[in-house]
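Spelled out, the chains give:
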Amino acid sequence: MASSNKHLSSYSERNLTDISKKKFALIVSEWNSDITEALYMGAYNMLIKHGASKKNIIRKNVPGSFELPLGAQWMAKQKNIDAVICLGCLIQGETRHFDFICQAAAYGITQVSLKYNKPVVFGVLTTNNKQQAYDRAGGKYGNKGDEAAITAIKMMGF
Ligand code: RBF
């Protein structure tokens with residue numbers, strides 16, 4: 001799966017559903033915050049660009065990507081939230097923490113989406129190094145935050 005060759009950012013943004021009255025929760029991990037802030041700005045700007053109202057975009061921070069599923073659950077259980085976007089950045093270290101946290105975040109976010117029957121988007125970078133993360137947070141491979149926002153909008157129009 002060569003993700004460097006494929007970007008949702010360049011996918012069709014036409015015929016997207018009307019999100020002017022939709023409410024979004026953006027959960028942002030504080031680890032690698034230079035990256036996750038860029039992901040957040042990408043997602044936020046993309047939602048605004050497609051008609052979301054500023055007052056309908058709620059931001060919540062969590063300490064790390066491991067906490068994204070619980071943060072997502074607290075927001076997804078609120079009836080007035082239409083979609084949740086989880087943003088994080090996991091960078092491979094020397095120990096196996098990376099694998100456990102990636103696994104927990106992906107599984108947990110999936111569980112929340114299925115439990116609450118609404119889009120809960122996995123906007124989490126899992127990279128070998130910081131450069132790969134920069135490349136995907138507004139660098140040469142686009143911004144995966146943008147893509148997370150478009151994914152939420154597309155799923156809302158399913
Ligand atoms: N959280 C991230 O979002 N990205 C990371 O790259 C990251 N690396 C970690 C490496 C180690 C060794 C530890 C202990 C934690 C790391 N975390 C990372 C934090 C993790 O998601 C979580 O916040 C903490 O484990 C507390 O539950």
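Details of the structure are given in the entry above.
All of these numbers come straight from a predicted model, not from anything done at the bench. Throughout this document, residue positions are counted from 1 along each chain, in the order its sequence is written. Local features are withheld for residues below a pLDDT of 70 in this predicted model, meaning they are given only at 70 or higher, and side-chain atom pairs are given and counted only at 80 or more; totals for whole chains, interfaces and linings count all residues. Computation of side-chain values covers all heavy atoms of the structure but excludes hydrogens and water.

1. Things to note about the packing of helix 1 (residues 33–49) against helix 5 (residues 144–156)
A pair of packed helices can be characterised by two numbers: the angle between their axes and the separation between those axes. The line we're drawing: Every axis corresponds to a line fitted to the C-alpha atoms, with the helix fit spanning only the stretch in contact, and the corresponding angles, defined between N-to-C directions, vary from 0 to 180 degrees. Starting at the N terminus, helices and strands are each numbered in turn, a helix being any DSSP run of H or I of at least four residues and a strand any DSSP run of E of at least two. Every angle not falling under 35 degrees, over 145, or within 65 to 115 is termed oblique; those three ranges are roughly parallel, roughly antiparallel and roughly perpendicular. For a crossing to be left-handed, the near helix must be turned anticlockwise from the far one by less than a right angle; the clockwise case is right-handed. Here, residues are in contact when the closest pair of their heavy atoms is within 4.5 Å. Three classes are used: nonpolar for Ala, Val, Leu, Ile, Met, Phe, Trp, Tyr, Cys and Pro, charged for Asp, Glu, Lys and Arg, and polar for all others, with Gly counted as polar.
Between helix 1 and helix 5, whose axes approach to 6 Å, the crossing angle comes to 40°. On the basis of the axis angle, helix 1 is oblique to helix 5. Remark: the crossing between helix 1 and helix 5 carries right-handed chirality. Where helix 1 abuts helix 5, its residues Leu39, Gly42, Ala43, Met46 and Leu47 lie against Lys144, Gly145, Asp146, Ala149, Ile150 and Ile153. Of the residues assigned to the contact of helix 1 with helix 5, the class counts are seven nonpolar, two polar and two charged.

2. Observations concerning unusual backbone geometry
To keep things clear, this is the line we draw: For every residue, the accessible area obtained with a 1.4 Å probe (protein chains only) is divided by the maximum for its type, and the residue is called buried under 20%, exposed over 50%, and partly exposed between those limits.
Backbone geometry places asparagine 32, a non-glycine residue, at a positive phi of 55°. As for its position among the elements, asparagine 32 is in the loop between strand 1 (24–29) and helix 1. Judged by its relative accessible area of 18%, asparagine 32 is buried. Phi at asparagine 117 is positive, roughly 60°, even though this residue is not glycine.

3. Describing the packing of aromatic side chains
Quick reminder of the rule: A pair of Phe, Tyr and Trp rings is counted when the ring centres sit within 6.5 Å of each other, with Trp represented by its six-membered ring. The angle between the planes then sorts it: under 30 degrees is stacked, over 60 is edge-to-face, the rest tilted. The rule for a charge over a ring is simple: NZ of Lys or CZ of Arg within 6 Å of the ring centre, and within 35 degrees of the ring normal.
Enumeration over the complete set of coordinates arrives at one aromatic pair. In this arrangement the basic side chain of arginine 59 is found over the ring face of tyrosine 40, its NZ or CZ atom lying 4.4 Å from the centre.

4. A few points about the pattern of salt bridges
Counted only if it meets this: Salt-bridge detection follows one rule: a side-chain nitrogen of Lys or Arg within 4 Å of a carboxyl oxygen of Asp or Glu.
Scanning the entire structure with this criterion turns up three salt bridges. With a shortest N-O distance of 2.7 Å, arginine 59 and glutamate 37 are connected by a salt bridge. In this pair, arginine 59 sits in strand 2 (residues 57–62) while glutamate 37 sits in helix 1, placing the two residues 22 residues apart along the sequence. We classify glutamate 37 as partly exposed; its relative accessible area is 33%. Close ionic contact of glutamate 147 with lysine 144 constitutes a salt bridge, the shortest N to O distance being 3.3 Å. Within this pair, glutamate 147 and its partner lysine 144 are both found in helix 5, separated by three residues, close to a single helical turn.

5. Side note on the sheet that holds strand 4 (residues 120–127)
Definition in use: Following DSSP output, two strands are said to pair if at least two bridges run between them.
The four strands are arranged 2-1-3-4 in an open sheet whose pairing can be described as parallel. Either end of the sheet is taken by a strand with one partner, and the two such strands are strand 2 and strand 4. Averaged over neighbouring strand pairs, the angle between their axes works out to 15° when direction is ignored. Across five bridges, the pairing between strand 1 and strand 3 (residues 83–91) is parallel. Within strand 3, the residue paired with valine 28 across the bridge is leucine 87. Set on the sheet, helix 2 (residues 68–76) makes contact with strand 1, strand 2, strand 3 and strand 4; between it and strand 3 the angle comes to about 170°. Most of the contacts of helix 5 go to strand 3, to which it runs at about 150°, and overall it touches strand 1, strand 3 and strand 4.

Fair warning: the whole summary comes from geometry, so function is off the table for now.
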